[in-house]
Amino acid sequence: MNTHHVGIIGAGIGGLSAALALQRAGVRVRVFEQSPQLGEVGAGISLSPTAAHALNDLGLHGTLESKAYKPEDQCVRHWRDGRPLAWVNRGQALFDKYGERYYLIHRADLHDALASAVRANDPEAIVLDARCVAISQDEQGATLKLASGASYSFEVLVGADGSRSVVRHHLFGALEPQYTGYIAWRGLVPLHLVPKEILEPPSGVFVGPGHLVNRYPVRNGELLNFVAFAERKDWTEEGWSIRSTVKELLDEFEGWTSWVRRFMELVPPHLLFKWGLFDREPLETWTRGRITLLGDAAHPVLPFLGHGAVLAIEDGVVLARALAGATRHEDALQRYERARMERAAFVVRQSRAAGKTFHDPDADTYKERTKGRAADEGLGLFSYNPVTQPV
Ligand SMILES: Cc1cc2nc3c(=O)[nH]c(=O)nc-3n(C[C@H](O)[C@H](O)[C@H](O)COP(=O)(O)OP(=O)(O)OC[C@H]3O[C@@H](n4cnc5c(N)ncnc54)[C@H](O)[C@@H]3O)c2cc1C
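Trainee: In this structure, what is going on with the pattern of salt bridges? I would like to understand it.
Mentor: When charged atoms on two side chains of opposite charge get close, those side chains can pair. Evaluation of the coordinates by the stated rule reveals 15 salt bridges. For arginine 219, the salt bridge goes to aspartate 109, with nearest N and O atoms at 2.7 Å. With a gap of 110 residues between them, arginine 219 in the loop between strand 14 (211–218) and strand 15 (223–231) and aspartate 109 in helix 5 (residues 107–121) connect regions that are remote in the sequence. For arginine 219, a relative accessible area of 26% gives the class partly exposed. Each member of the salt-bridge network shares a partner with another, and the members are Arg232, Glu248, Glu252 and Lys274.

Spelled out as structure tokens, the structure:
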């Protein structure tokens, strides 16, 4: 048995948030990542006030201030002519109500900041090229086995290994992915190429029959990030990084407003990818004894509300609060799960419902259909604070 208290499998945004939160609570951690290098895919991520509370608590307020784009108002527009259908505040009004606002950030910028902070606390904390293939536990501790044959034991193990989690599979068996009928493209466009008149305001959503486009600046205004969703009957591959072409994208968005097509025309082909969206039924529990799950491993969520990483970051902060100073680890993990289960299930349900709302064939009635829901108020998404939530 080595001297680390908590082993984390997966150095994504969830695993690193948990590692940093645990270190700051005085717990020694080791994170095992299968990839030979640390990194994140080129895409933007929206961080709600709840994630901002968590990241401030982790000492990353400076990263949000220096790297993230801070939207004030987001406009929902009509697919055919770009006319405004709704305005949603993402800035001061949220701050006044929730004590935090929205931030839009490049995933790699957030991931780098988390990894640097974890390594600054302990240069050995992240182990690369370390793919977990098996886990086990007994009265003394929990053990993970790597593909290399090495094994490591800890007082607690955390599976933060994403939606196709090996840890979840070992604990609870297979969770079959269901294709949702949606595919998506993601792309990054150098912002200086994009005409200013189609960036009013820069953060915007476009709704149309069977399709949805979301775009916003990242990397402090250097890049325009977009995600474009479309319904498609069949799809087999699960994964984020299948190459596409500008032609394929434009053909799918034939007849759409130049507000959308003009930036799509400008995406450099090497920054354009597509993937199919898969859903999984929520688990009833995430924990067995000394081993638990967090982030997408525990509760994969559809991306229509941009809340998967938000949940993973919240999980990390709450897990550390539950484990800090705990004498019985099994009890602490149960308290973590109780503090998180309802919140995660709520976001999973709302994300599924949002997919249907955005893709409704009748964009003209969007405003009436979403009255009181366009902002978070109808959803209650921001009424959670991982830093103060009782654990
Ligand atoms: C298009 C799209 C847009 C999104 N936009 C947003 C958004 O705006 N806001 C938001 O909050 N969320 C968003 N999300 C969701 C968000 O990206 C995920 O929910 C989040 O990345 C989950 O983080 P995680 O750390 O749990 O898992 P992951 O990011 O999947 O990380 C898992 C890590 O574990 C490693 N790993 C896997 N298996 C093993 C193993 N056996 N051994 C060792 N390591 C392993 C992987 O290499 C990886 O590094 C979006 C998702 C998509 C698809």
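Trainee: Sorry, what's going on with the site of the ligand here?
Mentor: Of all residues adjacent to the ligand, which total 32 residues, the nearest are Glu33, Ser46, Arg107, Trp275 and Asp296. Here glutamine 34 contributes a backbone N or O atom positioned 3.1 Å from a nitrogen atom of the ligand. Between the ligand and alanine 309, the relevant distance is 2.9 Å, taken from an oxygen atom to a main-chain nitrogen or oxygen of the residue. Burial of the ligand by the protein chains amounts to 87% of its free accessible area of 1000 Å². Among the secondary structure elements, those contributing two or more residues to the shell around the ligand are helix 1 (13–24), strand 3 (44–47) and helix 9 (308–323). Taken together, the residues that form the shell around the ligand break down as 15 nonpolar, twelve polar and five charged.

Trainee: Just checking my understanding: could you explain the sheet that holds strand 15 for this structure?
Mentor: Sheet strands pair by backbone hydrogen bonding; their relative direction is either parallel or antiparallel. Sheet architecture is open: eight strands sit in the order 5-4-13-14-15-12-17-16, paired in mixed fashion. Each edge of the open sheet is held by one strand with a lone partner, namely strand 5 (84–89) and strand 16 (242–243). Relative to strand 5, strand 4 (residues 73–78) runs antiparallel, the two being bridged by five bridges. When the bridges of strand 5 are listed, arginine 77 appears paired with proline 84. Its contacts with the sheet put helix 8 (residues 258–265) on strand 4, strand 12 (178–190), strand 13 (204–208), strand 14 and strand 15, and the angle it makes with strand 14 is roughly 60 degrees. Taken strand by strand, helix 10 (residues 329–359) contacts strand 12, strand 13, strand 14, strand 15 and strand 17 (272–279), and its axis lies near 105 degrees from that of strand 14.

Trainee: Can you help me understand the environment of isoleucine 45 in this one?
Mentor: Within the fold, isoleucine 45 resides in strand 3. Exposure remark for isoleucine 45: the relative accessible area of 6% places this residue in the buried category. Taking C-alpha positions, isoleucine 45 is 24 Å from valine 158, a pair spaced 113 residues apart along the chain. Excluding residues that lie within four positions of it along the chain, isoleucine 45 makes contacts with Ile13, Tyr103, Leu104, Ile105, Arg107, Tyr216 and Ala309.

Parameters at a glance
- Residues numbered from 1 in each chain as written.
- Predicted model: local features only at pLDDT ≥ 70, side-chain atom pairs only at ≥ 80, totals over all residues.
- Heavy atoms only, no water.
- Salt bridge = Lys/Arg side-chain N within 4 Å of Asp/Glu carboxyl O.
- Helix = DSSP H or I, 4+ residues; strand = E, 2+ residues; numbered from the N terminus.
- Buried < 20%, exposed > 50% of the residue type's maximum accessible area, 1.4 Å probe, protein only.
- Near = heavy atom within 4 Å.
- Polar contact = N/O pair within 3.5 Å; in protein donor to acceptor, adjacent residues only side chain to side chain.
- Areas by Shrake-Rupley, 256 points an atom, 1.4 Å probe, with all protein chains shown as cover.
- Nonpolar A, V, L, I, M, F, W, Y, C, P; charged D, E, K, R; others polar.
- Pairing = 2+ DSSP bridges.
- Contact = heavy atoms within 4.5 Å.
- Axes fitted to C-alpha atoms, helices over the stretch in contact; angles between N-to-C directions.

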